[in-house]
Amino acid sequence: MAKEEHLPLFETKNAKGRVLFRIFAASIFAGIYLIWVYRVSHIPKAGEDGRFAWIGLLGAEIWFGFYWLLTQASRWNPVYRHTFKDRLSQRYENELPGVDIFVCTADASIEPPMMVMNTVLSVMAYEYPPEKLSVYLSDDGGSEITYYALMEAAEFAKHWIPYCKKYNVEPRSPAAYFVSKHGDDAVEDNHQAKDFVVIKKLYKYMENKIENAVKLGQVSDQVRSKHKGFSQWDSYSSRRDHDTILQIVIDGRDPINATDNEGCALPTLVYLAREKRPQYHHNFKAGAMNALIRVSSNISNGKLLLNVDCDMYSNNSLAIRDTLCFLMDEEKGHEIAFVQFPQNFKNLTKNELYASLRVINEVEAHGVDGYGGPLYVGTGCFHRRDTLCWRKFSKDSKSDMKWDNRKREELGIHELEENTKGLASCTFEENTQWGKEMGLKYGCPVEDIITGLSIHCRGWKSVYCNPAREAFLGLAPATLPHILVQHKRWSEGNFHIFLSKYSPAWYAYGKIRLGHQLGYLRYSLWASNCLATLVYSTLPSLYLLRGTSLFPQMSSPWLIPFAYVIIGKYTWSFVEFLWCDGTILGWWNEQRIWLYQRTSSYLFAFIDTILFSIGYTNSAFVITAKVADEDVSKRYEKEIMEFGASSPMLTILATLALLNLCCFAGFVLEEAIAGLKGIAKAYETMSLQVLLCGVLILINVPLYQGLYLRKDKGKMPSSVAYKSMVIAVFSCVCFKLSY
């Protein structure tokens, strides 16, 4: 038996059934190839009806086949990780490194301070030595209400943290914890029950104070006079024009004042609103993160950095220890730059009305991990500090993650704050490598992906950690427009990367493994799917109305590859979704959102990226609303799709849905008339077109309901209903008459 000190801190297992899947995938590709052969060999002659559509479908099928190959790269070699936290504790408990945690918020109006404070409190309560833990709140909105909320949270933390550790509480977000405990019998232990009542009252007291300040839109003069930190807002002009505001709310170096109500040390807690000036580009979240990296290096300088979005609270208090099992492993730890946890959501409905990242988290991320590590997705990720500061990987060097016992220069809080403010100024990065070779990269709406790619291209690996208890839980958008806007931003940013010098197609060539490169390309080309999807969701239906067949007849042997690919692909997708603990209706909802994203979010992302690349538009970072009003929430819980205000994306979706309905209705009417005359033959020659159009109609049922049947505020706006109906009917009539 191996000695304890030689046992690894984590193990990696290959997925079972890989050989069978590879055989199945090869057979699907053979079917795709036969479809291409059929298209090329049966192109209508010049002048024949349907030639244009035939060529369009050929192009779409070539793209779908190519993109399908990209998706298989992330399924070809999945691996699963398991950590041994007990071994970590036995070997390194006294040498665990300092950890700096970054929580980013940008707008107090759509990211409520109470939500942000619950995230802050959850990471302050990690099961980790508090003297080695520092939490930084980056407030890019520069809101004094958010600062006030942080001070109130710091007071509550003196009671909340010891309560969590005393009773081993999970989750450690107060709001999530209290929701999980319902009724008077929520806590069985009598002693804990008393403490539970007390801690809940303290939380409600804090919540009321913060909510009152939010309602008033300001902090009272009485509160401002008690805390010197508010004086930093005296020169404040607006959220886009103010000095650096830096306040060490809890100084973890102070063993007397930085203690909880049981006399134990508290983590360091810091508020930062970096300097903003109208004449300087602030580079959105990437700029905030880079400012945090520099500021933290002067205050706590933890070797391990965690960044989380303000709505992504810690759900697993042992996540830091899971991470260190990878980074402190004696054999392989020195190769790993960052550990990425999945992006999970707590507010998903049972059947995931707007889909989720379920398959990405449970399948694709494990597959990319098998080639060199997952992508950095911007939240729930632990980084080595030195890799974010452009340290290249070397096989010979060992990156030491152990606690640095060397004493740093002791400065008073005020002096430390003043010495550090300059690191968050607008001009600090001028003529430096920050945003280029240092920190997170600038110039892209998804700074996380491009930063992770550059780290991988410098020789580092990453690890995907997906423990049984989710490490982080966030809030998913609760309306269709919000989910479409979110995916537009993601797909636009990724496509922007593809067209830039940092494209995985050429920047990563020869620097990372082919499977890893294809995994990056799979996301970089999200937006490109819009064209092929639009072709397949319109042309077959329009030509169905005209009576022109675009697919093999039922009696043709060429129908076999079409049938095999369709049945095989969607059967596998269905089984895969259920294997990931999804529901049958959840899978169907995912197919709907897949269609909606590709025909709206991806289309606008594609257009905007092309316009940006030729200099017509500027990139922008859109913050997704984190909360919904009561009526919207009730409909969301009932899984009723929310459309809300008019938007071009909704107009496109409604127009496509009505176009398919009109085409199908026109086809059925003509076939009924032909049937009365005894000449109906279309069901034999156009079976696949009928099936495709019928499926598109079924998948759009919630949209038809929103257009014409619903009366609530979440229905499709009347303006969208009228515009889409006119466009769809006009298109069908013109197409029919042009025959």
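Conventions adopted
- Residues numbered from 1 in each chain as written.
- Predicted model: local features only at pLDDT ≥ 70, side-chain atom pairs only at ≥ 80, totals over all residues.
- Heavy atoms only, no water.
- pLDDT = per-residue confidence, 0-100.
- Helix = DSSP H or I, 4+ residues; strand = E, 2+ residues; numbered from the N terminus.
- Salt bridge = Lys/Arg side-chain N within 4 Å of Asp/Glu carboxyl O.
- Buried < 20%, exposed > 50% of the residue type's maximum accessible area, 1.4 Å probe, protein only.
- 1 Å grid on protein atoms, 1.4 Å probe; cavity = no way out; pocket = protein on both sides within 12 Å on 5 of 7 lines; lining within 4 Å.
- Points joined across faces, edges and corners; volume = space filled by probe spheres on them.
- Nonpolar A, V, L, I, M, F, W, Y, C, P; charged D, E, K, R; others polar.
- Expected span 1.5 Å × (residues − 1).
- Contact = heavy atoms within 4.5 Å.
- Phe/Tyr/Trp six-rings, centres within 6.5 Å; stacked < 30°, edge-to-face > 60°.
- Lys NZ or Arg CZ within 6 Å of the ring centre and 35° of its normal.
- Patch = residues over 30% accessible without salt bridge, like charges linked within 9 Å, V, L, I, M, F, W, Y side chains within 5 Å.
- Areas by Shrake-Rupley, 256 points an atom, 1.4 Å probe, with all protein chains shown as cover.
- Pairing = 2+ DSSP bridges.
- Axes fitted to C-alpha atoms, helices over the stretch in contact; angles between N-to-C directions.
- Core = buried A, V, L, I, M, F, W, Y, C linked by side-chain atoms within 4.5 Å.
- Polar contact = N/O pair within 3.5 Å; in protein donor to acceptor, adjacent residues only side chain to side chain.

> It is not clear to me how the confidence of the model for the protein chain should be interpreted in this structure. Could you clarify?
Segments scoring low in pLDDT should not have their predicted coordinates read at a detailed level. Per-residue confidence for the protein chain gives a mean pLDDT of 91; residues scoring 70 or more make up 95%. Helix α22 (residues 682-685) is the least confidently modelled element of the protein chain, averaging 72 in pLDDT, while helix α4 (residues 113-124) averages 98, the highest of any element.

> Before we go on, may I ask you to explain the pattern of salt bridges in this structure?
A complete count under the given rule lists 38 salt bridges for this structure. Ionic pairing is found between Arg81 and Asp369, a salt bridge with its closest N-O pair at 2.9 Å. Separated by 288 residues along the polypeptide, Arg81 in strand β2 (residues 79-83) and Asp369 in helix α11 (residues 358-369) bring together distant segments of the chain. Arg81 sits in the partly exposed class, given a relative accessible area of 24%. Note that Glu330 and Arg91 form a salt bridge whose closest N and O atoms lie 2.8 Å from each other. One end of the pair, Glu330, is in the loop between α10 (319-327) and β9 (336-340); the other, Arg91, is in helix α3 (residues 85-92), with 239 residues separating them in the sequence. Residue classification places Arg91 among the buried residues on the basis of a relative accessible area of 17%. One salt-bridge network, held together by shared partners, links Arg75, Glu364, Arg522 and Glu576.

> Hey, could you run me through empty space enclosed by the protein in this one?
One water molecule sets the probe size; rolling that probe over the atoms shows where empty space is left. This model, assessed by the stated rule, comprises 3 cavities of 30 Å³ or more. Within this model, the largest cavity holds a volume of roughly 80 Å³. Among the elements of the structure, α19 (584-613) and α21 (648-677) are those that each provide at least two residues to the lining of the largest cavity. Sorting elements by how many residues they give to the lining of the largest cavity places α21 first, with 4 residues. Of the residues assigned to the lining of the largest cavity, the class counts are 6 nonpolar, 4 polar and no charged.

> Sorry, what's going on with helix α18 (residues 559-579) here?
Because each turn of an α-helix spans 3.6 residues, side chains separated by three or four positions end up pointing in the same direction. With 21 residues, α18 ought to run about 30 Å at 1.5 Å a step, and its terminal C-alpha atoms sit 30 Å apart, in line with that. Residues Leu559, Pro561, Phe562, Val565, Gly568, Ser573, Glu576 and Phe577 constitute the buried set of α18. Tucked inside the fold, the buried residues of α18 contact α1 (18-41), α2 (51-73), α11, α17 (529-546), α19 and α23 (687-699). Asp581 sits one or two positions beyond α18 and adopts a positive phi of about 70°.

> Would you explain the packing of aromatic side chains in this entry?
For the structure shown, the criterion picks out 42 aromatic pairs. An aromatic cluster is built from Phe156, Trp160, Tyr163, Tyr167, Tyr177, Phe178, Phe196 and Tyr203, whose rings are joined through pairwise contacts. Taking the ring centre of Phe84 as reference, the NZ or CZ of Arg87 above it sits at 3.9 Å. The ring of Trp434 is capped by Arg294, whose NZ or CZ atom sits 4.8 Å from the centre of that ring.

> Even after reading the chapter, I still don't get a nonpolar patch on the surface, so can you show me in this structure?
A contiguous nonpolar surface patch, about 740 Å² in accessible area, is contributed by Tyr708, Leu709, Tyr722, Met725, Val729, Val733 and Leu737. At the level of elements, α24 (701-709) and α25 (718-737) are the ones that each hand at least two residues to the nonpolar patch. At 5 residues, the largest contribution of residues to the nonpolar patch is made by α25. Mapped onto the elements of the fold, Met725 is located in helix α25. Exposure remark for Met725: the relative accessible area of 36% places this residue in the partly exposed category.

> For this particular structure, what's the right way to read the sheet that holds strand β4 (residues 133-139)?
Sheet strands line up and pair through hydrogen bonds in the backbone, either parallel or antiparallel. Here 8 strands make up an open sheet; going across it, the order is β5-β6-β4-β3-β7-β11-β9-β12 and the pairing mixed. Only two strands of the sheet have a single neighbouring strand rather than two, namely β5 (245-250) and β12 (461-464). Between one strand axis and the next, the sheet turns through 20° on average, direction left out of account. Strands in contact with α4 are β3 (99-105), β4, β5, β6 (268-273) and β7 (304-309); relative to β4, the strand with the most contacts, it is inclined by about 165°. Of the strands in this sheet, β9, β11 (381-384) and β12 touch helix α14 (residues 447-457), which is tilted by about 145° from β9.

> Could you clarify how one ought to interpret the sheet that holds strand β10 (residues 344-345) in this entry?
With respect to topology, 3 strands assemble into an open sheet ordered β8-β13-β10, the strand pairing being mixed. Two strands in the sheet have a free side with no partner beyond their single neighbour: β8 (313-314) and β10. For β10 and strand β13 (residues 472-474), the ladder comprises 2 bridges, and the chain directions are parallel. Bridge assignment links Asn344 to a residue of β13, and that residue is Leu473.

> Can you help me understand the nonpolar core in this one?
Inside soluble globular proteins, nonpolar side chains tend to come together where they are buried. Among the nonpolar cores identified, the biggest contains 177 residues, and Tyr126, Trp160 and Leu480 are the most heavily contacted of them. Once residues within four sequence positions are removed from consideration, Tyr126 is found in contact with Ile101, Leu133, Lys165, Arg172, Leu306, Ser314, Asn316, Ser317, Ala319, Ile320, Phe382 and Phe472. Formed by 30 residues, the second largest nonpolar core is a distinct cluster that contains Ile248, Ala286, Leu416 and Leu423.

> So what exactly am I meant to see when it comes to the pairing of β7 here?
Across the 6 residues of β7, 6 count as buried, placing the element largely inside the fold. Bridge count between β3 and β7: 6 bridges; the pairing is parallel. The residue of β7 that forms the bridge with Asp100 is Leu305. Judged from the 4 bridges that link them, β7 and β11 form a sheet pairing that is antiparallel. Directly across from Leu306, in β11, lies its bridge partner Phe382.

> Just to check I follow, could you spell out the environment of Ala213 for this structure?
Within the secondary structure, Ala213 sits in helix α7 (residues 190-216). Residues Ala213 and Asn431 lie 218 residues apart in sequence; the distance between their C-alpha atoms is 41 Å. Leaving out residues up to four positions away in the same chain, Ala213 has contacts with Ile145, Tyr148 and Gln218.

> Help me understand the side chain of Arg75, please; the structure alone is not making it clear to me.
Tracing the backbone shows Arg75 in the loop between α2 and β2. Here Glu576 takes part through its side chain, which lies 2.9 Å from a polar atom of the side chain of Arg75. Beyond its immediate chain neighbours, meaning those up to four positions away, Arg75 contacts Phe21, Val359, Val363, Glu364, Trp572 and Glu576.

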